[in-house]
Amino acid sequence: MSNGRKKERKKEREPQFELLRIISMLLIVLLHFLSHGGVNDQLVQGSASYFIFSILRSFAYLGVNCFILISGYFLCDKEFKFSRIVKIAMQTLFYSIMGSAIAILLLHKPLSAKEFLFTIFPISGGKYWFASVYVLMLIISPIINFALKTMTKKQHLVLIIILFLFFSLFSTILLWSKSVFSDGKDIAWFLTLYVIAAYLKRYPIHIKRSWLCGLFLCMVLSTVFIEFGIKMIASRIGLGSPEKVMFYNNQPLILGGSILLFALISGLKIEHFSNVICKVGNLTFGIYLLHDNDLLRNYLWEKINAPRYLQNVPAELGYMCTVVLLIFLIGCVVEYLRRLVFVQTHLEYWISNLADKKYNKLLQWAEKANKT
């Protein structure tokens, strides 16, 4: 890659958004510590530990939404490149194969035919739900961008309201309708966030930071207390205590908290360590792919034993921070080494370039066919 291209890439990266990417990944690892690690299952409803870790859980749910908001913010006015999809597919395939190799060689786990097939085709097999939905969002993004360019500010806002009603509000109030509307882990929700991010970029909202902070804390805390209230009422009227009510990516308060966190961090002016922040931010997706491999996930969290100090809240909080940071740092190192190998071998560069060339030829052929 030429020096000119490297300089251009560096200019494109803004440290405040890379910082948000880092925070988002830390929140995602925290969410996995609480959910996959089994901490949520061990909490006694109404106890001090319940409220402390539920508040952390509420914060943790902002991670995925912020990742998509960042993507939508930058992709909404960019030219579509097929190489973006190819790079993510290659990165996902690398971690998929590595995870399967570790499972076979170190854990002595035999792969079924289905597991082998999904290892080779992780995107289409849904091995990593986020990667699968994200790639689908990238494929659809040119159509969304074209539609958004034709809209006025009012039309754009109306579209957001409609998407919010169907895929956030109705989905939360009508608990049984998540399979119909959205559960926060599907393309409908990712496109909703994409459209919101595009609006924030084109029509920036200027609100005092003190107001943003206040609203942010209110939304995060409200999630916990509304969840607790609904569970208490449900158990008292004989409906039983549902597993979760408010802890979904597309829950209105989680959405609001995500947007406010995005606004708070994106408004920062970072002067110190910006180069380091940008480099680390560029490694974050690999952290997710490394630690959330479906063949290694159960083994990893069994060994970590996340709730081991739950009877002692300060000790549990210290253990939680240590585990989250270690997973983050190990993921950064592994992803850095992967990128180093891919750069030295020029593998990613040549394949992504070839993909763009073939895509451009396909567009040219389509234009000629359309003229004839």
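Residues numbered from 1 in each chain as written. Predicted model: local features only at pLDDT ≥ 70, side-chain atom pairs only at ≥ 80, totals over all residues. Heavy atoms only, no water.

### Considerations on the overall build of the protein chain
Then step 1. A count of helical and extended segments in the protein chain gives 18 helices and 0 strands.
Then step 2. Overall, the C-alpha framework of the protein chain stretches about 70 × 55 × 45 Å when taken along its three principal axes.
Then step 3. Sequence separation of at least 24 residues holds for 81% of the intrachain contacts in the protein chain that already meet a minimum separation of 6.
Then step 4. Positive and negative charge centroids in the protein chain, built from 40 and 21 side chains respectively, lie 6 Å apart. (Helix = DSSP H or I, 4+ residues; strand = E, 2+ residues; numbered from the N terminus. Contact = heavy atoms within 4.5 Å. Lys, Arg positive; Asp, Glu negative; His and termini not counted. Charge placed at Lys NZ, Arg CZ, Asp CG, Glu CD.)

### Structural notes on the side chain of Asn40
Then step 1. Checked against the element boundaries, Asn40 lands in helix α3 (residues 39–42).
Then step 2. Sequence-distant contacts of Asn40, defined by excluding residues within four places in its chain, comprise Leu34, Ser35 and Arg57.

### Brief notes about the pattern of salt bridges
Then step 1. Using the criterion set out here, one finds 8 salt bridges in the structure.
Then step 2. Residues Asp77 and Lys201 are paired through a salt bridge, measuring 3.2 Å at the closest nitrogen-oxygen approach. Of this pair, Asp77 sits in the loop between α5 (62–75) and α6 (82–105) while Lys201 sits in helix α11 (residues 187–202), and the two are 124 residues apart along the sequence.
Then step 3. According to the relative accessible area criterion, Asp77 is partly exposed, its value standing at 44%.
Then step 4. A salt bridge links Arg297 to Asp292; its shortest N-O distance comes to 2.9 Å. With respect to burial, Arg297 and Asp292 carry one shared label: buried. (Salt bridge = Lys/Arg side-chain N within 4 Å of Asp/Glu carboxyl O. Buried < 20%, exposed > 50% of the residue type's maximum accessible area, 1.4 Å probe, protein only.)

### Considering helix α18 (residues 347–371)
Then step 1. Compared with an ideal rise of 1.5 Å per residue, which puts 25 residues at 36 Å, α18 spans 37 Å between its outermost C-alpha atoms and is within 8% of the ideal.
Then step 2. By the burial criterion, the buried members of α18 are Glu348, Ser352, Ala355 and Asp356.
Then step 3. Packing partners of the buried residues in α18 comprise α6 and α17 (313–345). (Expected span 1.5 Å × (residues − 1).)

### Regarding the packing of α6 against helix α7 (residues 113–120)
Then step 1. The geometry of α6 relative to α7 is characterised by a closest axis approach of 8 Å and an angle of 145 degrees between their N-to-C directions. Residue-level inspection shows Leu93, Ser96, Ile97 and Ser100 of α6 in contact with α7, the latter providing Phe118, Thr119 and Ile120.
Then step 2. Taken together, the residues of the contact of α6 with α7 break down into 4 nonpolar, 3 polar and no charged. (Axes fitted to C-alpha atoms, helices over the stretch in contact; angles between N-to-C directions. Nonpolar A, V, L, I, M, F, W, Y, C, P; charged D, E, K, R; others polar.)

### What about the nonpolar core?
Then step 1. Among the nonpolar cores identified, the biggest contains 90 residues, and Phe33, Phe53, Phe130 and Tyr134 are the most heavily contacted of them.
Then step 2. Discounting residues that sit within four places of it in the chain, Phe53 has contacts with Leu34, Val39, Leu43, Leu310, Val313, Glu316, Leu317 and Met320. (Core = buried A, V, L, I, M, F, W, Y, C linked by side-chain atoms within 4.5 Å.)

### Quick word on the packing of helix α2 (residues 15–35) against helix α14 (residues 274–281)
Packed helix pairs are characterised by how far apart their axes lie and by the angle those axes make with each other.
Then step 1. At a minimum axis distance of 8 Å, the contact between α2 and α14 shows a crossing angle of 45 degrees. With respect to α14, the element α2 is oriented oblique. The handedness of the crossing between α2 and α14 is left-handed. Contacts from Pro15, Glu18, Leu19, Arg21 and Ile22 of α2 reach α14 at Ser274, Ile277, Cys278, Val280 and Gly281. (Parallel < 35°, antiparallel > 145°, perpendicular 65-115°, else oblique. Left-handed = near helix turned anticlockwise from the far one by under 90°.)

### What about the confidence of the model for the protein chain?
Then step 1. Averaged over all residues, the pLDDT of the protein chain equals 90, while 95% of them reach at least 70.
Then step 2. Here residues 1–11 is modelled with pLDDT under 50, and outside its nearest four sequence neighbours on either side it reaches 6 contacts, counting other chains as well. (pLDDT = per-residue confidence, 0-100.)

### Some remarks on a nonpolar patch on the surface
Then step 1. On the surface, a nonpolar cluster with roughly 540 Å² of combined accessible area is contributed by Leu93, Ile97, Phe116, Leu117, Ile120 and Phe121.
Then step 2. Of all the secondary structure elements, the ones that give two or more residues to the nonpolar patch are α6 and α7.
Then step 3. For the nonpolar patch, the leading source of residues is α7, giving 3 residues.
Then step 4. Topologically, Phe121 is positioned in the loop between α7 and α8 (122–125).
Then step 5. Assessed through its relative accessible area of 45%, Phe121 is described here as partly exposed. (Patch = residues over 30% accessible without salt bridge, like charges linked within 9 Å, V, L, I, M, F, W, Y side chains within 5 Å. Areas by Shrake-Rupley, 256 points an atom, 1.4 Å probe, with all protein chains shown as cover.)

### Concerning the environment of Tyr299
Then step 1. Its location among the elements puts Tyr299 in helix α16 (residues 297–304).
Then step 2. Given a relative accessible area of 40%, Tyr299 falls into the partly exposed group.
Then step 3. For the pair Tyr299 and Lys201, spaced 98 residues apart in sequence, the C-alpha to C-alpha distance is 42 Å.

### Remarks on the packing of aromatic side chains
Then step 1. Per the stated rule, a full pass over the model turns up 29 aromatic pairs.
Then step 2. Taking 6.2 Å as the distance between ring centres and 70 degrees as the angle between the ring planes, the aromatic pair formed by Phe67 and Phe130 counts as edge-to-face. Pair noted here: Phe67 is in helix α5 and Phe130 is in helix α9 (residues 129–149), with a separation of 63 residues, a long-range link.
Then step 3. Assessed through its relative accessible area of 7%, Phe67 is described here as buried.
Then step 4. In this structure Phe130 comes out as buried when scored by relative accessible area, which is 6%.
Then step 5. An aromatic cluster of three or more residues is present, and its members are Phe67, Tyr128, Trp129, Phe130, Tyr134, Phe190, Phe285 and Tyr288.
Then step 6. In this structure, Lys244 packs its charged tip against the face of Tyr248, placed 4.5 Å from the ring centre. (Phe/Tyr/Trp six-rings, centres within 6.5 Å; stacked < 30°, edge-to-face > 60°. Lys NZ or Arg CZ within 6 Å of the ring centre and 35° of its normal.)

### What about the state of the cysteines?
Then step 1. Scanning the model with the defined rule gives 0 disulfides in all.
Then step 2. In this structure Cys66 is not part of a disulfide, and its nearest cysteine sulfur, from Cys213, lies 14 Å away.
Then step 3. Counting only cysteine sulfurs, Cys332 is the nearest neighbor of Cys321, a cysteine outside any disulfide, at a range of 17 Å.
Then step 4. The class for Cys321 is partly exposed, based on a relative accessible area of 43%. (Disulfide = S-S within 2.5 Å.)

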